[in-house]
Amino acid sequence: GVAPHPADLLGELRPFATVVGLTTAIVMWNGKKITTKLHGSILGLLAGSAVHYALLFGLGESYVGAVVGEIPSGMPTPHYAADMLHADAFFSYAPFLFIASFSLAILGSIESLMTSVAMQSQTGARANANRELLGQGLGGMVASAFGGMSAAAAIGPSQAIYGAGGRGKVSGVFSSLIMLAVYLALGSFVGYLPKAALSGILLVLAAHMFAVWSLQLFKRMVKPRSLLRQPQLWQSGVVIVLVMVVTIVSGLVAAVAV
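The rules behind these values
Residues numbered from 1 in each chain as written. Predicted model: local features only at pLDDT ≥ 70, side-chain atom pairs only at ≥ 80, totals over all residues. Heavy atoms only, no water. Helix = DSSP H or I, 4+ residues; strand = E, 2+ residues; numbered from the N terminus. Buried < 20%, exposed > 50% of the residue type's maximum accessible area, 1.4 Å probe, protein only. Contact = heavy atoms within 4.5 Å. Areas by Shrake-Rupley, 256 points an atom, 1.4 Å probe, with all protein chains shown as cover. Core = buried A, V, L, I, M, F, W, Y, C linked by side-chain atoms within 4.5 Å. Phe/Tyr/Trp six-rings, centres within 6.5 Å; stacked < 30°, edge-to-face > 60°. Lys NZ or Arg CZ within 6 Å of the ring centre and 35° of its normal. Expected span 1.5 Å × (residues − 1). 1 Å grid on protein atoms, 1.4 Å probe; cavity = no way out; pocket = protein on both sides within 12 Å on 5 of 7 lines; lining within 4 Å. Points joined across faces, edges and corners; volume = space filled by probe spheres on them. Nonpolar A, V, L, I, M, F, W, Y, C, P; charged D, E, K, R; others polar. Polar contact = N/O pair within 3.5 Å; in protein donor to acceptor, adjacent residues only side chain to side chain. Axes fitted to C-alpha atoms, helices over the stretch in contact; angles between N-to-C directions. Parallel < 35°, antiparallel > 145°, perpendicular 65-115°, else oblique. Left-handed = near helix turned anticlockwise from the far one by under 90°. Patch = residues over 30% accessible without salt bridge, like charges linked within 9 Å, V, L, I, M, F, W, Y side chains within 5 Å. Salt bridge = Lys/Arg side-chain N within 4 Å of Asp/Glu carboxyl O. pLDDT = per-residue confidence, 0-100.

### Brief notes about the overall build of the chain
Phase 1 of the analysis: From N to C terminus, the chain includes 16 helices and 0 strands.
Phase 2 of the analysis: Along the first, second and third principal axes, the C-alpha set of the chain runs to 70 × 55 × 45 Å.
Phase 3 of the analysis: Residue burial in the chain is summarised as follows: out of 258 residues, 21% are buried.
Phase 4 of the analysis: Long-range contacts, defined here as pairs at least 24 residues apart, represent 66% of the contacts in the chain between residues at least 6 apart.
Phase 5 of the analysis: Counting only carbon and sulfur atoms, one obtains 70% of the accessible surface of the chain, whose full area is about 17,700 Å².

Following this line, the structure appears as structure tokens:
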């Protein structure tokens, strides 16, 4: 529950935010044991929010951490595109614009293709990479005209949709429509959600994203004399660890290069 760069870490610590996050994660992890009518993430969010507001009522905000806060709502207009094309200074910032756009396109393409491969390993279905990237590029162009940020496919949301039972193209469209409805009409409601509860959901999604084969690989690596008998195991293990570390320290582009 602390700021990104706190001046006083101990002074800003919100210890009961951990209780909210862990409650969310535990309920979400065991969601199918509780009920099959709601996805675990919804159950976890409800449980974590209930604990958050119970603690808030009993202890005060200084102990439980922050909520998401107000989200701007309303349909944007594509005036950003017109402003850019008619700006007198267009040619002065065009070089930066092209470099930044190219970098975002490369990074987004890599992330989408990695997500596609990860989901293929779960579903057994083959994805059309060209169609995925074409759709992503068109979506990015349209979004930028409305002031939106460039985005890409991500393993977390894809995993969440698949875990909730989504199996076809309609699930992705439906998910997007729900997000649009939230943005247009439910922004004030989302603003009351505790950040610690959302962190708990992310913890479970991250745990589910570990590939089973990589966990089995590390188990085989720790066996006696595995380095001598199966050096390729250690080669793969070192690559996995390097990519994880470089992703955290320097970002995804550097990690892919490594």
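### Considerations on the nonpolar core
Phase 1 of the analysis: Residues Val20, Met28, Leu45 and Ile201 are the most contacted members of the largest nonpolar core, which totals 14 residues.
Phase 2 of the analysis: Secondary-structure elements contributing two or more residues to this core are helix H2 (15-29), helix H4 (40-59) and helix H12 (195-208).
Phase 3 of the analysis: Looking at this core element by element, the count peaks at 5 residues for H12.
Phase 4 of the analysis: Val20 has contacts with Gly48, Val51, His52, Leu55, Ala196 and Ala197, leaving out every residue within four places of it along the chain.

### Considering the packing of aromatic side chains
Phase 1 of the analysis: A full pass over the atoms with the stated rule returns 0 aromatic pairs.
Phase 2 of the analysis: Over the aromatic face of Tyr162 sits the side chain of Arg167, whose NZ or CZ is 3.8 Å from the ring centroid.

### Quick look at H4
Phase 1 of the analysis: With 20 residues, H4 extends 28 Å between its outermost C-alpha atoms, agreeing within 8% with the 28 Å of an ideal straight helix rising 1.5 Å per residue.
Phase 2 of the analysis: Within H4, burial applies to Gly40, Ser41, Leu43, Gly44, Leu45, Gly48, Ser49, His52 and Leu55.
Phase 3 of the analysis: In the core, the buried residues of H4 are packed alongside H2, helix H3 (31-34), helix H5 (61-64) and H12.
Phase 4 of the analysis: Just downstream of H4, Gly60 is the residue with a positive phi angle, here 105°.

### Examining the layout of surface pockets
Phase 1 of the analysis: The space that makes up the largest pocket amounts to roughly 1,900 Å³.
Phase 2 of the analysis: Taken together, 45 residues form the lining of the largest pocket, with Glu132, Ala153, Ser158, Gly172 and Ser176 sitting closest to its centre.
Phase 3 of the analysis: Listing elements by their share of the lining of the largest pocket, those giving two or more residues are helix H7 (90-123), helix H8 (129-145), helix H9 (155-163) and helix H10 (169-185).
Phase 4 of the analysis: Here the lining of the largest pocket takes 9 residues from H10, the largest share from any one element.
Phase 5 of the analysis: Here the residues of the lining of the largest pocket are counted per class, giving 20 nonpolar, 20 polar and 5 charged.

### Focus on the side chain of Ser49
Phase 1 of the analysis: Structurally, the position occupied by Ser49 is in helix H4.
Phase 2 of the analysis: Of note is the side chain of Ser49, whose polar atom sits 2.7 Å from the backbone oxygen of Leu45.
Phase 3 of the analysis: Beyond its immediate sequence surroundings of up to four residues, Ser49 is in contact with Leu193, Pro194 and Ala197.

### Quick notes on the packing of H7 against H8
Phase 1 of the analysis: Their axes nearest at 10 Å, the elements H7 and H8 cross at an angle of 135°. Taken as axis vectors, H7 and H8 run oblique relative to one another. Taken as a pair, H7 and H8 cross one another with a handedness that is right-handed. Of the residues in H8, those touching H7 at Gly108, Ser109, Ser112 and Leu113 are Ala129, Leu133 and Gln136.
Phase 2 of the analysis: When the residues that make up the contact of H7 with H8 are grouped by side-chain class, the tally is 3 nonpolar, 4 polar and no charged.

### Things to note about the packing of H2 against H12
Helix packing for two helices is described by the angle between their axes and how far apart those axes are.
Phase 1 of the analysis: At a minimum axis separation of 7 Å, H2 and H12 run at an interaxial angle of 45°. By the angle class used here, H2 and H12 are oblique. Between H2 and H12 lies a crossing whose hand is right-handed. Contact residues: H2 offers Ala17, Val20, Gly21, Thr24, Ala25, Met28 and Trp29, while H12 offers Ala196, Ala197, Gly200, Ile201, Val204, Leu205, Ala207 and His208.

### Digging into the side chain of His52
Phase 1 of the analysis: Positionally, His52 belongs in helix H4.
Phase 2 of the analysis: Here His52 falls in the buried class, since its relative accessible area comes to 2%.

### Considering a nonpolar patch on the surface
Phase 1 of the analysis: Together, Phe210, Leu215, Val241, Met244, Val245, Ile248 and Val249 line one region of the surface with nonpolar side chains, adding up to about 690 Å² of accessible area.
Phase 2 of the analysis: At 5 residues, helix H15 (residues 231-250) tops the list of elements feeding residues into the nonpolar patch.
Phase 3 of the analysis: Secondary-structure assignment places Val241 in helix H15.

### What to know about the confidence of the model for the chain
Detailed conclusions should not be drawn from predicted coordinates in areas where pLDDT is low.
Phase 1 of the analysis: For the chain, per-residue confidence averages 83 on the pLDDT scale, and residues scoring 70 or more make up 96% of the total.
Phase 2 of the analysis: The lowest-confidence element of the chain is helix H14 (residues 226-229), averaging 70 in pLDDT; the highest-confidence one is H2, averaging 93.

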